[in-house]
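Listed below, chain by chain, are the residues.
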Amino acid sequence: MPDSSVSVPAEVLKALQTHDRILIAAHANPDGDAVGASAALGWALRMLGRETLLYNETGFPDYLGWMRLPCPLLRDLSALPGKPGLIVALDSGDAGRLGEELQTLLKEVPVVNIDHHQGNPGYGSAANWVDPAMSATGEMVGHLAEALGLSLEGALAEAVYVALASDTGSFSYGNTRASTLRMAARLLEGGLDIASVRARLDNNWSESKLRLWGRLMSEARILDNGKLGVSIVSRALLRECGASREDAEGFVEQLRKIRGVRVALLLREEEREGSIMTKVSLRSSGADDVRKVAAQFGGGGHKNAAGATVDLPPEKTLTVIQPYIRHVWN
């Protein structure tokens, strides 16, 4: 039975019920929530008989390659069979995170914006449903599916679970609410085999990821009297381990597990158009609001999980970001 405490905006339901040829897009370099929410909405719309396509500028990560998708995943909009009637933007705190290629289309086609990030400006031209209290965008899609009269079962339930597990740390983070657990219970009631899904989520490491994490463990820095844990993922280190940048995903959570560490910081070196920049991932617990740190560098996220991109190499990024982290503590 749907959760009566959650109300899906009528304009969101109307947009999905009145438009066809719907393009679902999530932020580039998607995490489990973005992928799960995209797949779940795709399955829901397919069950309603809507023509649907998935789009992501960078594609979905390999570690989620086992997930069943309801329709083709496009990385190039030139492959669109025609102009969509509606775009649904998922898990993107601002329109820019959807990628450069999509920006023109966002101005020409009605947009529904569904997201749970603080600071989302409400860029949907057709409808906006932004609720930072939600644990995951995938949870919102689950409520949406139920509001459309659909049962949370099969591949739809699997996708919602991946989204929930990803953004709640398997229901261990502070954003896990009673309604989140009630939705997980409804997934189980619908026949979801959690053990099977967990095995596919957890037991698919490559040897290169194992080698990379070993190096990151041995080279981690504990700074500021034990309150700050830092790891730097250089391009050279990735080459030495034969690893990809995807292999570094999730390591920042290991830093947060160190006794006394209040903020975990992972700095991943990237090169774009000949310039070196750093992808910043921040994690914290309790009252330490790392979103305020990310916001100083044009990023965003949540109080205890945030990120940004800084136009500096990792070592210089560490130098400039530390004062902002100390300000959060003080």
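Model, not experiment: these values are computed from the prediction. (Residues numbered from 1 in each chain as written. Predicted model: local features only at pLDDT ≥ 70, side-chain atom pairs only at ≥ 80, totals over all residues. Heavy atoms only, no water.)

Peer 1: In this structure, what is going on with the pattern of salt bridges? I would like to understand it.
Peer 2: Charged atoms that come close allow side chains of opposite charge to pair. Under the definition given, this model contains 21 salt bridges. Its salt-bridge partner being Lys83, residue Glu108 comes within 3.5 Å of it at the nearest N-O pair. In this pair, Glu108 sits in helix H3 (residues 103-108) while Lys83 sits in the loop between strand E3 (73-74) and strand E4 (86-90), placing the two residues 25 residues apart along the sequence. Since its relative accessible area comes to 48%, Glu108 is described here as partly exposed. Arg235 is paired through a salt bridge with Glu269; the nearest N and O atoms lie 3.5 Å apart. Pair noted here: Arg235 is in helix H9 (residues 235-241) and Glu269 is in strand E9 (residues 263-272), with a separation of 34 residues, a long-range link. Note on Glu269: relative accessible area 17%, which makes it buried. (Salt bridge = Lys/Arg side-chain N within 4 Å of Asp/Glu carboxyl O. Helix = DSSP H or I, 4+ residues; strand = E, 2+ residues; numbered from the N terminus. Buried < 20%, exposed > 50% of the residue type's maximum accessible area, 1.4 Å probe, protein only.)

Peer 1: Help me understand the packing of helix H5 (residues 154-168) against helix H6 (residues 178-189), please; the structure alone is not making it clear to me.
Peer 2: For any two helices packed against each other, one specifies the crossing angle of their axes together with the interaxial distance. Taken N-terminus to C-terminus, the directions of H5 and H6 make an angle of 150 degrees; their axes are 10 Å apart at the nearest point. Our classification of the angle between H5 and H6 gives roughly antiparallel. Crossing handedness for the pair H5 and H6: left-handed. Along the contact surface, H5 presents Ala157, Val160, Tyr161, Leu164 and Thr168, while H6 presents Thr180, Met183, Ala184 and Leu187. (Axes fitted to C-alpha atoms, helices over the stretch in contact; angles between N-to-C directions. Parallel < 35°, antiparallel > 145°, perpendicular 65-115°, else oblique. Left-handed = near helix turned anticlockwise from the far one by under 90°. Contact = heavy atoms within 4.5 Å.)

Peer 1: I'm lost on the pairing of strand E12 (residues 305-310) in this one. Help?
Peer 2: Sheet faces and side chains relate simply in a regular strand, where the side chains alternate between the two faces. Bridge count for strand E10 (residues 275-284) against E12 is six bridges, and the pairing is antiparallel. Its bridge partner lying in E12, Val280 is registered against Ala308. The pairing of strand E11 (residues 300-302) with E12 spans three bridges and is classified as antiparallel. The residue of E12 that forms the bridge with Gly300 is Gly307. (Pairing = 2+ DSSP bridges.)

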